[in-house]
Amino acid sequence: MNDNARLDYDAFTSLLEEHNMVATAAEVHGVICGLICGGMAKDDARWQQHFNDLLNDGFGLPAELKKAVNLLFYRVYEDLLSQHRLELLMPDDDQPLDERLDAMMEWAGAFLAGFGVVQQELNKASPELQEMIQDISNITQVSGEFEQEDEESEAAYTVLYEHLKLGATLAFEEFGKGQPAPQRPTLH
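Residues numbered from 1 in each chain as written. Predicted model: local features only at pLDDT ≥ 70, side-chain atom pairs only at ≥ 80, totals over all residues. Heavy atoms only, no water.

1. Digging into the side chain of His29
In step 1: Mapped onto the secondary structure, His29 falls in helix H2 (residues 25-38).
In step 2: Under the relative-accessibility criterion, His29 is labelled buried at 1%.
In step 3: In this structure, His29 is in contact with Leu72, Val76, Leu86, Glu87, Leu88, Leu89 and Trp107, ignoring residues within four places of it in sequence. (Helix = DSSP H or I, 4+ residues; strand = E, 2+ residues; numbered from the N terminus. Buried < 20%, exposed > 50% of the residue type's maximum accessible area, 1.4 Å probe, protein only. Contact = heavy atoms within 4.5 Å.)

2. Digging into the packing of aromatic side chains
When we look at a pair of aromatic rings, we describe it by the centre distance and by the angle of the planes.
In step 1: Evaluated as defined, the whole model comprises nine aromatic pairs.
In step 2: Here the aromatic rings of Trp107 and Phe111 are separated by 5.2 Å at their centres, their planes lie at 15 degrees, and the arrangement is stacked. Highlighted residues: Trp107 and Phe111, both in helix H5 (residues 97-118), separated by four residues, approximately one helical turn. With respect to class, Trp107 is no different from Phe111; both count as buried.
In step 3: An angle of 70 degrees between the planes, with centres 6.0 Å apart, marks the rings of Phe115 and Phe175 as edge-to-face. In this pair, Phe115 sits in helix H5 while Phe175 sits in helix H7 (residues 151-175), placing the two residues 60 residues apart along the sequence. (Phe/Tyr/Trp six-rings, centres within 6.5 Å; stacked < 30°, edge-to-face > 60°.)

3. Some remarks on the layout of surface pockets
Empty space left among the atoms is revealed by rolling a probe the size of a water molecule over them.
In step 1: If you add up the space inside the largest pocket, you get close to 260 Å³.
In step 2: Along its surface, the largest pocket is lined by 18 residues, and Glu87, Leu88, Leu89, Met90 and Tyr161 are the ones closest to its centre.
In step 3: Breaking the lining of the largest pocket down by element, the ones donating at least two residues are helix H4 (63-82) and H7.
In step 4: Per-element tally for the lining of the largest pocket: the top contributor is H4, with four residues.
In step 5: Of the residues that constitute the lining of the largest pocket, the class distribution is 11 nonpolar, one polar and six charged. (1 Å grid on protein atoms, 1.4 Å probe; cavity = no way out; pocket = protein on both sides within 12 Å on 5 of 7 lines; lining within 4 Å. Points joined across faces, edges and corners; volume = space filled by probe spheres on them. Nonpolar A, V, L, I, M, F, W, Y, C, P; charged D, E, K, R; others polar.)

4. Description of the packing of H2 against H5
In step 1: Remark: H2 packs on H5, axes separated minimally by 6 Å, with the N-to-C direction vectors making an angle of 35 degrees. Considering how the two elements wind past one another, H2 and H5 form a crossing that is right-handed. On H5, the residues touching Ala26, Glu27, His29, Gly30, Val31, Cys33, Gly34, Leu35, Cys37 and Gly38 of H2 are Ala103, Glu106, Trp107, Ala110, Phe111, Gly114, Phe115, Val117 and Val118. (Axes fitted to C-alpha atoms, helices over the stretch in contact; angles between N-to-C directions. Left-handed = near helix turned anticlockwise from the far one by under 90°.)

5. Let's talk about the pattern of salt bridges
In step 1: All chains considered together, the criterion is met by nine salt bridges.
In step 2: The closest approach of N and O atoms between Lys42 and Glu78, which form a salt bridge, is 2.3 Å. With Lys42 in the loop between H2 and helix H3 (46-55) and Glu78 in helix H4, the pair connects residues that are 36 residues apart, well separated along the chain.
In step 3: Note on Lys42: relative accessible area 31%, which makes it partly exposed.
In step 4: Across the pair Asp79 and Arg85 runs a salt bridge whose closest N-O atoms are separated by 2.9 Å.
In step 5: Classification of Asp79 by relative accessible area gives buried; the value is 5%.
In step 6: According to the relative accessible area criterion, Arg85 is partly exposed, its value standing at 46%.
In step 7: Here the residues in one salt-bridge network are Arg75, Asp79 and Arg85, joined through shared partners. (Salt bridge = Lys/Arg side-chain N within 4 Å of Asp/Glu carboxyl O.)

6. Some points on the nonpolar core
In step 1: Judged by nonpolar contacts, the single largest core of 56 residues is most densely connected at Phe12, Val28, Ile32, Phe51, Val69, Trp107 and Phe111.
In step 2: Secondary-structure elements contributing two or more residues to this core are helix H1 (9-18), H2, H3, H4, H5, helix H6 (127-139) and H7.
In step 3: In this structure, Ile32 is in contact with Phe51, Val69, Leu72, Phe73 and Val76, ignoring residues within four places of it in sequence. (Core = buried A, V, L, I, M, F, W, Y, C linked by side-chain atoms within 4.5 Å.)

7. Comments concerning the confidence of the model for the protein chain
Caution applies to low-pLDDT parts of the model: their predicted coordinates are not meant to be read in detail.
In step 1: Summary statistics for the protein chain give a mean pLDDT of 87 and a share of 88% for residues scoring 70 or more.
In step 2: The spread of mean pLDDT over the elements of the protein chain runs between H7, the lowest at 92, and H2, the highest at 96.
In step 3: Across residues 178-186, where pLDDT falls below 50, the model places three contacts with residues more than four positions away in sequence or in other chains. (pLDDT = per-residue confidence, 0-100.)

What follows is the structure, given as structure tokens:
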């Protein structure tokens, strides 16, 4: 899997299927975002064990998949640091709306799982973030059955998608380890 393909939903799904993973690409991305936004530092290797516990029954990943997941972790971290580049790993817009909504619900649930593993002091979060976490929880309950694929439904999907991105960004700002470590003065 090349570096660019890691953000392609279909390519990531194929890689997961190839290695008999039952997790979806949206769940993988959601857990990674949750771990990072919950406070997992970029250089803290424990994130891999949390990831394996949540999505692979505690087992390690095959080498090719591990490499792709590691690349995704570092890409998500950099995207969150940039504040406006984060995109959720979802099916393309040309896929049926109900499939995209299912992936969104999977992402939201996985985000909450990853976030909860790392961040267990949500009571210290701002009221805005606490409300956002509740909103993300509510998104996991959105019905995946739309009667019609129309502009109104597409607009609602887009609002939910942007809300998830905003929630992840807000959580990262409050709990993420995105701030560089202070430089130690050089002693001469």
